[in-house]
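Breakdown of the fold
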Amino acid sequence: MQRLFPPVELPHVDVVITCYNYRAYVEDAIRSVLTQTYRRWNCVIVDDASTDGSAEHIRQLLETIGDRRLRLLARSQHGSQIEAFRDGLAAGNRSFVAFLDADDVWLPNFLAAHVSAHLNSLHSASLSSSDVLLVDRGRVVLSGTYLGLRKQRPGEAPIGVAIPPANQLGEGAGIGYASEHSITYVGPKTYGWIWAPTSSMVFRRGVLEPVLAFPFKVRTGTDYLAATCAHMVAGSLLLPEFLGLYRLHGANISTNSLYAGGHVQHSPANKAKQIALGADVFDYVAANSARLDAINGKGFVSGILAHHVRRFGHLIDDPRIWPLLDRKSRWRRQRKRFARGLRRLFGMASA
């Protein structure tokens, strides 16, 4: 790629590491930020009142490293994952924000690849997500991909638009990185989980601030809330290469079972939480319906809510949802409610 002229200033990235009782792993996360080939970053480590000495360990580590781009924000009282995200976001002001869980690790080209993807010449997006290696607590590799990431895979129907390497900003712009892989742009009208977990994501601050400011009820699962709601504005970029390590150590928030291949198996408690997350997303969409329809066109909100009702059937009983559905979706929901009523009626009669 030809070097840009006149020269441009590349964006800085605010990195937020969130830590709660991850003293055994947080140093790996911090040092993986230090190894980034893309040097335009500032990093805040938010310790959510850990009880295992994490905060003091981080404080001593930062003194030893002596890099002014790193700083500790130690909360005096334990809150929640989403509160740690909010504090970390408020601690910076850069246009891009990346979250790194304290038990995960980035590979050296993580930030370079994501910045290059975001500055492509075809589609700008709300967030990006890259593939990860699944590893155990000792960083032994368990899998070479996270199947939940909807990157283009042979034999699967494409869900987005391919952006070739030639359309990604790279070495010629001074990033010091040139991808060999096409990335995938997926527009806001594609619903459902399409990303890898938190530590694979880079957000635009402009879309993230209103999302994290919303009064969600669920205190964990912040990557689901942030990615799902941010995606509704300008879509997502999916990077096919693995750029980080997602550690499965037996005490993850979402899973506590041994990896058995395929999709990561969520714990029963996490599966139950998905219902609460779905309700939170519905609250966000209902509160922002006019803005989202204005951005993406009339009928966008109806499509999102129809998808959520299919996944979380109990939402159809919320009186707020009916006016937001289109006529076809309302008629479909009416038939299902009628059929459900008949099943109850005849079930009671047979009893």
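Residues numbered from 1 in each chain as written. Predicted model: local features only at pLDDT ≥ 70, side-chain atom pairs only at ≥ 80, totals over all residues. Heavy atoms only, no water.

1. Notes on the overall build of the protein chain
Scanning the protein chain for helices and strands turns up 10 helices and 11 strands. Across the 351 residues of the protein chain, 51% fall into the buried class. A separation of at least 24 residues holds for 76% of the contacts in the protein chain among residues at least 6 apart in sequence. Counting only carbon and sulfur atoms, one obtains 55% of the accessible surface of the protein chain, whose full area is about 16,300 Å². (Helix = DSSP H or I, 4+ residues; strand = E, 2+ residues; numbered from the N terminus. Buried < 20%, exposed > 50% of the residue type's maximum accessible area, 1.4 Å probe, protein only. Contact = heavy atoms within 4.5 Å. Areas by Shrake-Rupley, 256 points an atom, 1.4 Å probe, with all protein chains shown as cover.)

2. Some points on the pattern of salt bridges
Under the definition given, this model contains 14 salt bridges. In this structure, the salt-bridge partner of Glu27 is Arg31, at a minimum N-O distance of 2.9 Å. Here the residue Glu27 and the residue Arg31 both occupy positions in helix H1 (residues 26-34), the gap between them amounting to 4 residues, near one helical turn. Through salt bridges with shared partners, a single network forms among Asp48, Arg75, Glu83, Asp87 and Arg219. (Salt bridge = Lys/Arg side-chain N within 4 Å of Asp/Glu carboxyl O.)

3. Here's the deal with the pairing of strand S4 (residues 96-101)
Extensive coverage of S4 is indicated by the burial of 6 of its 6 residues. Residues of S4 alternate between two faces, with Phe96, Ala98 and Leu100 on one and Val97, Phe99 and Asp101 on the opposite face, all of them buried.

4. What to know about helix H4 (residues 110-118)
Counting along an α-helix, one turn takes 3.6 residues, and residues three or four places apart therefore face a common direction. By the criterion of burial, H4 is predominantly enclosed, with 9 of the 9 residues buried. For H4, the set of buried residues is Phe110, Leu111, Ala112, Ala113, His114, Val115, Ser116, Ala117 and His118.

5. A word on the packing of helix H3 (residues 81-90) against helix H5 (residues 205-212)
For the pair H3 and H5, interaxial distance at closest approach is 11 Å and the crossing angle is 135°. With respect to their mutual orientation, H3 and H5 come out oblique. Every pair of crossing elements has a handedness; the one defined by H3 and H5 is left-handed. Here Ile82, Phe85, Arg86 and Leu89 of H3 come into contact with H5, specifically with Arg205, Leu208, Glu209 and Leu212. Here the residues of the contact of H3 with H5 are counted per class, giving 5 nonpolar, no polar and 3 charged. (Axes fitted to C-alpha atoms, helices over the stretch in contact; angles between N-to-C directions. Parallel < 35°, antiparallel > 145°, perpendicular 65-115°, else oblique. Left-handed = near helix turned anticlockwise from the far one by under 90°. Nonpolar A, V, L, I, M, F, W, Y, C, P; charged D, E, K, R; others polar.)

6. Here we look at empty space enclosed by the protein
Applying the stated criterion across every chain yields a total of 5 cavities of 30 Å³ or more. Lining the largest cavity we find 15 residues, and of these Tyr191, Gly192, Thr228, His307 and His308 sit closest to its centre. Listed by contribution, the elements that provide at least two residues to the lining of the largest cavity are helix H6 (222-234) and helix H9 (300-311). Among the residues making up the lining of the largest cavity, the classes are represented as 8 nonpolar, 6 polar and 1 charged. (1 Å grid on protein atoms, 1.4 Å probe; cavity = no way out; pocket = protein on both sides within 12 Å on 5 of 7 lines; lining within 4 Å. Points joined across faces, edges and corners; volume = space filled by probe spheres on them.)

7. Details of the nonpolar core
In terms of nonpolar packing, the biggest core is built from 51 residues, with Phe99, Phe203, Leu208, Phe216 and Val285 touching the most fellow members. The greatest single-element share of this core, amounting to 7 residues, is contributed by H6. Aside from chain neighbours lying at most four places away, what touches Phe216 is Ile82, Arg86, Val211, Leu225, Cys229, Asp280 and Tyr284. Formed by 43 residues, the second largest nonpolar core is a distinct cluster that contains Ala29, Ile175, Tyr185 and Leu239. (Core = buried A, V, L, I, M, F, W, Y, C linked by side-chain atoms within 4.5 Å.)

8. Topic: the packing of aromatic side chains
Throughout the structure, instances matching the rule amount to 10 aromatic pairs. Residues Tyr146 and Tyr246 carry aromatic rings whose centres are separated by 6.0 Å and whose planes lie at 85° to one another, so their mutual orientation is edge-to-face. Highlighted residues: Tyr146 in the loop between strand S7 (141-143) and strand S8 (161-163) and Tyr246 in strand S11 (residues 236-247), separated in sequence by 100 residues. For the pair formed by Tyr146 and Tyr246, the shared burial category is buried. Among the aromatic residues, ring-to-ring pairing joins Phe85, Phe99 and Phe203 into one connected group. (Phe/Tyr/Trp six-rings, centres within 6.5 Å; stacked < 30°, edge-to-face > 60°.)

9. Some words on the side chain of Ser200
In this fold, Ser200 is placed in the loop between strand S9 (183-186) and strand S10 (201-204). According to the relative accessible area criterion, Ser200 is buried, its value standing at 1%. Setting aside its immediate chain neighbours within four residues, Ser200 contacts Phe110, His114, Ser128, Ser129, Ser130 and Val132.

10. Description of the environment of Cys19
With respect to the secondary-structure elements, Cys19 resides in strand S1 (residues 13-19). Sequence spacing of Cys19 and Asp103 is 84 residues, and the spatial spacing of their C-alpha atoms is 8.0 Å. Apart from residues lying up to four places away in sequence, Cys19 is in contact with Val26, Val46, Asp47, Asp48, Ser50, Ser54, Ile58 and Ala102.

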